[in-house]
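The residues making up each chain are set out below.
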Amino acid sequence: MEVKIGVQHAPRELVVETDVSPEDFEAQLTEAVSSDGLLAFTDTKGRRVAVAANKIAYVEIGTGTHGTVGFR
């Protein structure tokens, strides 16, 4: 699934692919924001991603677009 994270005072958003289910990711996000901690997860390539919860401006949780080829 694709996750887009907007960070305060950053000109670009983070776009990350992860294998975490949308429900699990939302639970991690809720916990991080309520505890004012870190939102930390692993992407599909095995890299660890961490964002300070108090710096998150917005989060888009989507399905991603795997395998698309050509023009629309």
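Before any of the text, the structure's been laid out above.
Keep in mind it's a predicted model, so treat the numbers as computed, not measured.

**Examining the overall build of the chain**
In step 1: The secondary structure content of the chain amounts to one helix and five strands.
In step 2: Listing every helix and strand of the chain by position from the N terminus yields β-β-α-β-β-β.
In step 3: Taking the contacts inside the chain whose residues are at least 6 apart along the sequence as the reference set, 49% of them involve residues at least 24 apart.
In step 4: Summing over all exposed atoms, the chain offers an accessible surface of approximately 5200 Å²; the carbon and sulfur share of this is 51%.

**Section: the side chain of Asp43**
In step 1: With respect to the helices and strands, Asp43 occurs in the loop between β3 (38-42) and β4 (48-52).
In step 2: In this structure the side chain of Asp43 is engaged in a polar contact, spanning 3.0 Å, whose partner is the backbone nitrogen of Lys45.
In step 3: Side-chain polar atoms of Asp43 contact the backbone nitrogen of Arg47, separated by 2.7 Å.

**Quick word on the side chain of Thr18**
In step 1: Summarising the element assignment, Thr18 is placed in the loop between β2 (14-17) and α1 (22-35).
In step 2: Among the residues examined, Thr18 registers a relative accessible area of 0% and is labelled buried.
In step 3: Separated by 2.9 Å, the side chain of Thr18 and the backbone oxygen of Thr42 make a polar contact.
In step 4: If we ignore the near neighbours within four places in the chain, the residues touching Thr18 are Met1, Val3, Phe41, Thr42, Asp43 and Thr44.

**Focus on the pairing of strand β1 (residues 2-7)**
In step 1: With four bridges joining them, β1 and β2 adopt antiparallel strand pairing. Its bridge partner being in β2, Ile5 is matched across the sheet by Leu14.
In step 2: Summarising the sheet, β1 and strand β5 (residues 56-62) pair through six bridges and their orientation is antiparallel. From the neighbouring strand, Val3 faces β5, where its bridge partner is Ile61.

**Describing the sheet that holds β5**
Strand pairs in the sheet, formed through backbone hydrogen bonds, run parallel or antiparallel to each other.
In step 1: Read from one edge of the open sheet, three strands run β2-β1-β5, paired in antiparallel fashion. What marks the edges here is a single partner per strand, and that holds for β2 and β5. Between one strand axis and the next, the sheet turns through 15° on average, direction left out of account.
In step 2: The sheet contacts of α1 involve β1 and β5, and relative to β5 the element is tilted by about 170°.

Thresholds applied
- Starting afresh in each chain, residues are numbered from 1 along the sequence in its written order.
- Residues qualify for local features only when their pLDDT is at least 70, as the model is predicted, and side-chain atom pairs are given and counted only at 80 or more; totals for whole chains, interfaces and linings, by contrast, use all residues.
- Neither water nor hydrogens contribute to the side-chain values; these are computed over all heavy atoms in the structure.
- Secondary structure counts use DSSP, requiring at least four H or I residues in a row for a helix and at least two E residues in a row for a strand, with both numbered from the N terminus.
- Between two residues, a contact is recorded if the distance between any of their heavy atoms is within 4.5 Å.
- Note that accessible areas follow from Shrake-Rupley with a 1.4 Å probe, and for residues the cover is restricted to the protein chains shown.
- Identification of polar contacts relies on pairs of N or O atoms within 3.5 Å, with a donor-acceptor requirement for protein atoms, meaning one able to donate a hydrogen and the other able to accept it, and with residues adjacent in sequence counted only if both atoms are side-chain atoms.
- Exposure classes here rest on a 1.4 Å probe applied to the protein chains alone. A residue is buried below 20% of its type maximum, exposed above 50%, and partly exposed in between.
- Two strands form a pair only when DSSP identifies at least two bridges running between them.
- Axes here mean lines fitted to C-alpha atoms, for a helix over just the part in contact, with angles spanning 0 to 180 degrees between N-to-C directions.

Coordinates in, geometry out; function isn't part of it.
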